[in-house]
Structures are given as C-alpha cells and as structure tokens.
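Coordinate analysis (summary)
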Amino acid sequence: MKQLALLLFVMTAFPLLINTCPAIADSMVMVDVEVINALQNSSEIDPELSGLARELGPVLNYKGFKLLKKSRLPLKIGGRKELLLSRERRLTLTLEGFESGQARINLKIFKNHTEIFATTLLMADNGSAIIGGPELKKGVMLLRVRGKFDG
Amino acid sequence: MTSICEDIAYKLSAYLDNELGEAEKNRVEAHLENCPSCRGSFRELKKSSDLVSARLSVQPSVDFDKAWQHIEPEIRRRPAIRRYLRAFIVKPGFWIPASAAATVGAAALFFALCLPVYKSQRPVSLSHVESVSSKSGSVMVLHTAKTSQPIIWIMEKSPKEKRP
C-alpha cells in the first residue's frame, strides 16, 4: 500500500509541479523602456526602430525616430524603479501585481519633482505601450514600454 | 597375484604420493624390487599420475576469482527482485488501485504536456490602459493600426495648440 501511495504521489505531484512553476515565476516583469525622439522634419529612422516607425506611421505625424536611451528594469511585485528621461524629467515604474495574466504596472512621469503624468497599464506578456507627447529637442519624446514576464 | 601383492597394490597410490610411514615405504620398495608384476602396476600408476600432474600444472586462462566477483552479486540480487515484484503484483487488491493510479497518472501527464503547449499557442492578449491622469488634463489614448498597441499622448499644452 505504501508503494502504491508513493506511486500515486509521484504521478500527480510531478505534473502539478510543472504546471505551477510558471505561476511562481510570474512574480517578476522585465520592463524594457526605450526613450525615443520623434521628429517631424526628419525621416531618419534608427534601424532598431523601423518596426515602430511602420506601426506609428499611419497614426502619428512623425517621420524621424531616434533612439536616445534604452533601459531594462527588472520589476518585482511592489518594486519600484526609476529612470532619468531628460535633464528635468524622470520616470518611475511600479509593478502592482498580476491580474488575469496581465501585469499591472503603474507609470509616472515627473518634471522637476512635480508629477505631470500617471497611468496604470495592464501589460500582457511581451506586450507594449507607447507614451508620447512631451516636447524634446526639435520634436517630441516617445517612450516605448515593453514587458516580458520572467519565467 | 599373491595376497602380499594385493596388499602392496592398495598401498601403491599412497607410496606414490609419499604418504606412507618409513617402515611401510621400505616394505613396498623391497616388494617392488622382487615382484615384476607389481613393478608394472606401479609404472602404469606413475604414468597416469604424471599425466594428471602435467595437465594440472597448466595455469587456467580465466581469472575465476574475478569472474566470481561479478557472478555472485547477480545470483544474490536477481531472485530478490523477482521475489519482491511477484509479492507486489500478486498482492490481493493490487490491480484496482494500480489501474486507478495509472488513470490518474495518465490524466496528470496529459495536462502537464498539453497545458504548456496550449498556453504557448494562446493568442497574446493585448495590453490595456487602465487609468490615465495628467496635470495638463489633456491626454489621448490611441491604438496602433496593426498590433493595437496602446498609445498615450500627453498634451503638455492645450489640444488646440498642439496635436500629434
């Protein structure tokens, strides 16, 4: 009977363990933030932004896209990361948790220590969102935020 | 053959192996000197003995000790495993729970193998904007045409002054 119990345990516990592993691992999101300068009077596109340029072309009136900064921020639940966007602007990201297979990420932009923008994104695994508008150099600043669930 | 010859014939083998006492040995030797028949028997016996000795002096090509080291554990182990399995399988009421366990195991294996595949084949759900707030109060939420990525457009000036 002991052998049978052991057999049953191994046969059920092993697959259960395999299935629960992703759930355990989904406590972290690797967030990639790209700071981009979008320009109307230039058609120069950084090679790694060609896909983004094709996506945004029909929606926004910008032709030139220049990658200024790229950062990878590992976010744990409740964890907060900060990124300097320009001399006066900074971005904070907080992973609030997971909900229906999406990561709830709170994103804030501060200008000279004053919060000017806040949003809460429900980010899918490998999903992304674009935030744009603030003036930067001769164009505007675009932020492409991409999240990959770790595990 | 005399009764002495018969007695000596019994002792020839012991004499050959040098197992007789001194007196017996002298008696056998004295008889062999005088009796051609017993001398002939002794010669035959010695010839056979020499032949056997010559065969035995050849060293065996197999290392029996080493071979036995491999064989012995096998002999000891096999019947034990067989005994254990037989006792396990023929136990009364073994097959019903075993069948149930196999069914549960097969189901668990099915889910373990198929669920990850199902998960990976699931279409990627889209990201959504849950809430937005801006100090200027002017924010637009758009979506890209192809992949429906959300675009949040912050208007630092009033919408009339600047549009994306």
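Summarised in this report is the structure supplied together with it. Everything quoted here is computed from the prediction, not taken from an experiment. (Residues numbered from 1 in each chain as written. Chains lettered and ligands numbered in written order. Predicted model: local features only at pLDDT ≥ 70, side-chain atom pairs only at ≥ 80, totals over all residues. Heavy atoms only, no water.)

Focus: the overall build of chain B
- When its secondary structure is counted, chain B shows five helices and three strands.
- Overall, chain B shows an N-to-C arrangement of helices and strands of α-α-α-α-α-β-β-β.
- The proportion of buried residues among the 164 residues of chain B is 18%.
- Here the analysis covers contacts within chain B between residues at least 6 apart in sequence; of these, 20% occur between residues at least 24 apart.
- For chain B, the accessible surface area stands at approximately 12,500 Å², while carbon and sulfur atoms represent 60% of it. (Helix = DSSP H or I, 4+ residues; strand = E, 2+ residues; numbered from the N terminus. Buried < 20%, exposed > 50% of the residue type's maximum accessible area, 1.4 Å probe, protein only. Contact = heavy atoms within 4.5 Å. Areas by Shrake-Rupley, 256 points an atom, 1.4 Å probe, with all protein chains shown as cover.)

With respect to the sheet that holds strand β8 (residues 139-149) of chain A
- The six strands are arranged β2(A)-β1(A)-β8(A)-β7(A)-β3(B)-β2(B) in an open sheet whose pairing can be described as mixed. Single-partner strands in this sheet number two, and they are β2 (64-76) of chain A together with β2 (139-143) of chain B. Averaged over neighbouring strand pairs, the angle between their axes works out to 20° when direction is ignored.
- Where strand β7 (residues 127-136) of chain A meets β8(A), eight bridges bridge the pair, whose relative direction is antiparallel. When the bridges of β8(A) are listed, L136(A) appears paired with G139(A). (Pairing = 2+ DSSP bridges. Axes fitted to C-alpha atoms, helices over the stretch in contact; angles between N-to-C directions.)

Description of the side chain of N106(A)
Residues and elements named next belong to chain A.
- Note on placement: N106 falls in strand β5 (residues 102-111).
- When its relative accessible area of 13% is taken as the criterion, N106 is described as buried.
- Apart from residues lying up to four places away in sequence, N106 is in contact with T92, L93, T94, E96, T119 and T120.

Here's the deal with the sheet that holds strand β3 (residues 80-84) of chain A
- The five strands are arranged β3(A)-β4(A)-β5(A)-β6(A)-β1(B) in an open sheet whose pairing can be described as antiparallel. With partners counted over all chains shown, the strands left at the sheet margins are β3 of chain A together with β1 (128-134) of chain B, one partner each. Shown here is a sheet whose adjacent strand axes are inclined to one another by a mean of 15°, direction ignored.
- Pairing of strand β4 (residues 89-99) of chain A with β5(A) involves ten bridges; the strand directions are antiparallel. For R90(A), the partnering residue across the bridge sits in β5(A) and is F110(A).

Details of the pattern of salt bridges
Residues and elements named next belong to chain B.
- Within this structure, the stated rule accounts for 14 salt bridges over all chains.
- R27 is the salt-bridge partner of E24, the closest N and O atoms lying 3.7 Å from each other. A residue pair is termed a helical-turn pair when its members lie 3 or 4 positions apart in one helix, as E24 and R27 do in helix α2 (residues 22-34) at three residues.
- Here the salt bridges share partners, and the residues they tie into one network are D7, K11, E24 and R27. (Salt bridge = Lys/Arg side-chain N within 4 Å of Asp/Glu carboxyl O.)

Re the packing of aromatic side chains
All names here are of chain A.
- Summed over all chains, the structure comprises three aromatic pairs over all chains.
- Summarising the aromatic geometry, the rings of F98 and F149 are spaced 5.2 Å apart at their centres and angled 85° between planes, so their arrangement reads as edge-to-face. Highlighted residues: F98 in strand β4 and F149 in strand β8, separated in sequence by 51 residues.
- For F149, a relative accessible area of 7% translates into the label buried.
- Seen from the ring of F110, R90 lies directly overhead, with NZ or CZ sitting 4.5 Å from the centre. (Phe/Tyr/Trp six-rings, centres within 6.5 Å; stacked < 30°, edge-to-face > 60°. Lys NZ or Arg CZ within 6 Å of the ring centre and 35° of its normal.)

Describing the pairing of β3(A)
Residues and elements named next belong to chain A.
- With five bridges joining them, β3 and β4 adopt antiparallel strand pairing. Along β4, the bridge assignment pairs E82 with T92.
- Linkage of β3 to β4, two consecutive antiparallel strands, is achieved through a turn of four residues.

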